[in-house]
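# Analysis of the macromolecular model
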Amino acid sequence: MAYNILILGASYGSLLATKMLFGGHKITMVCLPAEVEAFNGEGARVRLPIRGRKEPVELNSRDLPGKLSAAGPGDVNPSDFDLVALAMQEPQYRSPGVRELLDAVAKSKKPTMSIMNMPPLPYLKRIPGLAAEALKPAFTDASVWDNFEPGLLTLCSPDPQAIRPPGEKINFLLVTLPTNFKVARFADDKSTAILRQLEKDVDAARYNPGDGPIELPVKLRVHDSIFVPLAKWAMLLTGNYRCVTKDSAIDIKDAVHGDVEASRSVYNWVMGVCEKLGASANDLVPFEKYAAAAKDLVRPSSAARALNNGAPNIERTDRLVQLTARQFGMAHPIVDRTVALVDERLEANRKKAAAA
């Protein structure tokens, strides 16, 4: 069965969309006017490294079985779609136009899958015993999530790493770490069945680069445990947020391997927070596996780059984990220092913007 899928966001969104197009689905991406023009005019181009092949493979959405189009936030009606995916960063959902569209998504009662690093507040309400209201200070504007039903919102961990390289067109995406998207089931079986069909479609995808059909990396994996996507928390706090320095940014590789024992301490502590929430060891990723992958992450994180570029708001998964841990009487000095440093950098950016 072919689904009609709405994706808010065109960076990570184009990677997920391209993989799902192999199943013949119709996908509409909501993005900026220049992006709308580029995607509708030339399609989405995604370059993927393939194990065992010297050269990467470049996919063009126009060559795939499904149909991809792009539109502005005011040009779509969420009620027309079977599934909605949220692929923007958390601060963007309070933007004019996007905020109204997100609220329309909530009121449509359509199953919605977030692929943000920052779990939406309604998803956190699905975790038994967690005081979700106490986590609101971690959000740029928690009120944008008010009308969502927790059971109709799920989280997909954006583990694949991808960038838009400088000098390339805005419809081009380079995958730098071709790992899998890991998504938790919805509360009901009917909505979860959509995810399981998409998982099968992505698994079955084959592409012929000219010398015969090959299997492609970056799968969609559906999990019964709502804690599996939270495995990304330890990675973010060990690597991504520790890229932030007082006046610049370092690569994720250096953040993790500059002091491996400090990294291990942060990582295992965050895993302990997840286990307090109810996660099992099988839901999480061991430090050694992450540390090995981090050796290939030779750019600063998007959060660190955004701070360097003067962003007044970024996703605050660091603060979210800190606030969650406090509910269990847990704290870690390195995490506390990281949160304080990010606070400091954001405050400086806001003062600079106000003075401009």
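A brief structural summary. (Residues numbered from 1 in each chain as written. Predicted model: local features only at pLDDT ≥ 70, side-chain atom pairs only at ≥ 80, totals over all residues. Heavy atoms only, no water.)

### Concerning the sheet that holds strand β10 (residues 172–177)
Adjacent strands of a sheet pair through backbone hydrogen bonds, lying either parallel or antiparallel. Spatially, the four strands line up as an open sheet ordered β4-β3-β10-β9, and their pairing is mixed. Looking at the sheet topology across the chains shown, the edges are occupied by β4 (57–60) and β9 (161–163). Taking each pair of neighbouring strands and ignoring which way they run, the sheet shows an average axis angle of 25 degrees. Across three bridges, the pairing between β9 and β10 is antiparallel. (Pairing = 2+ DSSP bridges. Helix = DSSP H or I, 4+ residues; strand = E, 2+ residues; numbered from the N terminus. Axes fitted to C-alpha atoms, helices over the stretch in contact; angles between N-to-C directions.)

### Some points on the packing of aromatic side chains
A complete count under the given rule lists five aromatic pairs for this structure. Ring geometry for W145 and F148: centres 5.6 Å apart, planes at 45 degrees, overall tilted. A residue is classified by how much of its surface remains accessible, and W145, at 3% relative accessible area, is buried. The class of F148 is buried, set by a relative accessible area of 9%. (Phe/Tyr/Trp six-rings, centres within 6.5 Å; stacked < 30°, edge-to-face > 60°. Buried < 20%, exposed > 50% of the residue type's maximum accessible area, 1.4 Å probe, protein only.)

### Let's talk about empty space enclosed by the protein
Where empty space is left can be seen by rolling a probe of water-molecule size over the atoms. If you walk through the whole model with that rule in mind, you get two cavities of 30 Å³ or more. Reported here for the largest cavity is a volume of approximately 40 Å³. Every element with two or more residues in the lining of the largest cavity is listed here: β8 (153–157) and α6 (232–240). The residue inventory of the lining of the largest cavity, partitioned by class, reads eight nonpolar, two polar and one charged. (1 Å grid on protein atoms, 1.4 Å probe; cavity = no way out; pocket = protein on both sides within 12 Å on 5 of 7 lines; lining within 4 Å. Points joined across faces, edges and corners; volume = space filled by probe spheres on them. Nonpolar A, V, L, I, M, F, W, Y, C, P; charged D, E, K, R; others polar.)

### Description of the layout of surface pockets
Reported here for the largest pocket is a volume of approximately 1,200 Å³. Put simply, the parts of the chain that give the lining of the largest pocket at least two residues each are α2 (33–42), β9, α6 and α10 (302–308). With four residues, the single largest contributor to the lining of the largest pocket is α10. For the lining of the largest pocket, the per-class residue count stands at 26 nonpolar, 13 polar and seven charged. Forming the boundary of the second largest pocket are 22 residues, of which D159, T179, K182, M235 and K289 lie nearest the centre. Looking at the lining of the second largest pocket, the elements with two or more residues in it are β14 (220–223), α6 and α9 (287–294). Taken together, the residues that form the lining of the second largest pocket break down as ten nonpolar, six polar and six charged.

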